[in-house]
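Coordinate analysis (summary)
Chain by chain, the residues run as shown.
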Amino acid sequence: MNVQFNKAKTLHALLYVANRIQRKDFHKIFKLIYFADRQHLADWGRPITGDTYIATDAGPVPSRLYDMLKIVRGDSYLPDTEGLGYYYQIENWMYVKPLVDAD
């Protein structure tokens, strides 16, 4: 199966989840998006985001989403050339503060 990463869907999945949960830390968001991707794959034969998940001791980490969060947080090797800071901010190093709702 050839699955392509979809940055727009990933961004809006992040915003959807972050706007609807109380604890908005990376760990909680990563787990919820992982379970949503897994269920969507089981139901429809393809994931929502197309991200690659990395297994860690704390649970699955969507690699490209984590990179997107680090860009806004300011510790990525990539600059925010796509304006991700318009959609969300990172507070206290690991909490996502959504600035807009998902499309």
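Further up the page is the structure itself.
Residues numbered from 1 in each chain as written. Predicted model: local features only at pLDDT ≥ 70, side-chain atom pairs only at ≥ 80, totals over all residues. Heavy atoms only, no water.

**Brief notes about the packing of aromatic side chains**
Inspection of the entire model under this criterion finds 6 aromatic pairs. With 5.8 Å between their ring centres and 40 degrees between their planes, phenylalanine 26 and phenylalanine 30 make a pair best called tilted. Of this pair, phenylalanine 26 and phenylalanine 30 are both found in helix H2 (residues 26–44), 4 residues apart, which corresponds to roughly one turn of the helix. A relative accessible area of 7% places phenylalanine 26 in the buried class. Residue phenylalanine 30 is classed as buried on the basis of its relative accessible area of 5%. (Phe/Tyr/Trp six-rings, centres within 6.5 Å; stacked < 30°, edge-to-face > 60°. Helix = DSSP H or I, 4+ residues; strand = E, 2+ residues; numbered from the N terminus. Buried < 20%, exposed > 50% of the residue type's maximum accessible area, 1.4 Å probe, protein only.)

**What to know about a nonpolar patch on the surface**
On the surface, Trp93, Met94 and Tyr95 cluster together to form a nonpolar patch covering roughly 320 Å² of accessible area. Looking at the secondary structure, you find methionine 94 in the loop between strand E3 (88–91) and strand E4 (95–98). Given the relative accessible area of 35%, methionine 94 is considered partly exposed. (Patch = residues over 30% accessible without salt bridge, like charges linked within 9 Å, V, L, I, M, F, W, Y side chains within 5 Å. Areas by Shrake-Rupley, 256 points an atom, 1.4 Å probe, with all protein chains shown as cover. Salt bridge = Lys/Arg side-chain N within 4 Å of Asp/Glu carboxyl O.)

**What to know about unusual backbone geometry**
In this structure, asparagine 92 is a non-glycine residue whose phi angle is positive, near 50 degrees. Examined against the element boundaries, asparagine 92 turns out to sit in the loop between E3 and E4. Notably, tryptophan 93 is not glycine yet its phi reads approximately 75 degrees, a positive angle. Tracing the backbone shows tryptophan 93 in the loop between E3 and E4.

**Regarding the pairing of E3**
Side chains Tyr88 and Ile90 project from E3 onto a buried face, and the interleaved Gln89 and Glu91 project onto a face without burial. Where E3 lies against E4, 4 bridges are found, and the strand directions are antiparallel. Paired with tyrosine 88 across the strands is proline 98, a residue of E4. Linking E3 back to E4 in an antiparallel pair, the connection comprises 3 residues, with asparagine 92 at a positive phi of about 50 degrees. (Pairing = 2+ DSSP bridges.)

**Describing the packing of helix H1 (residues 7–18) against H2**
Between H1 and H2, the least distance of the axes is 10 Å, while the angle of their chain directions is 115 degrees. Here H1 and H2 pass one another in a crossing that is right-handed. The residues of H2 that touch H1, namely those facing Ala13, Leu14, Val17 and Ala18, are Ile29, Leu32 and Ile33. (Axes fitted to C-alpha atoms, helices over the stretch in contact; angles between N-to-C directions. Left-handed = near helix turned anticlockwise from the far one by under 90°. Contact = heavy atoms within 4.5 Å.)

**Topic: the pattern of salt bridges**
Pairing between side chains becomes possible if they bear opposite charge and their charged atoms approach one another. All told, the structure shown has 6 salt bridges when counted by the stated rule. Of the charged contacts, one joins glutamate 82 and lysine 7 as a salt bridge, the two residues approaching to 2.8 Å between their closest N and O atoms. One end of the pair, glutamate 82, is in the loop between helix H3 (63–73) and E3; the other, lysine 7, is in helix H1, and 75 residues separate them in sequence. Owing to a relative accessible area of 48%, glutamate 82 belongs among the partly exposed residues under this scheme. Across the pair arginine 73 and aspartate 75 runs a salt bridge whose closest N-O atoms are separated by 2.8 Å.

None of this, on its own, says anything about what the molecule does.
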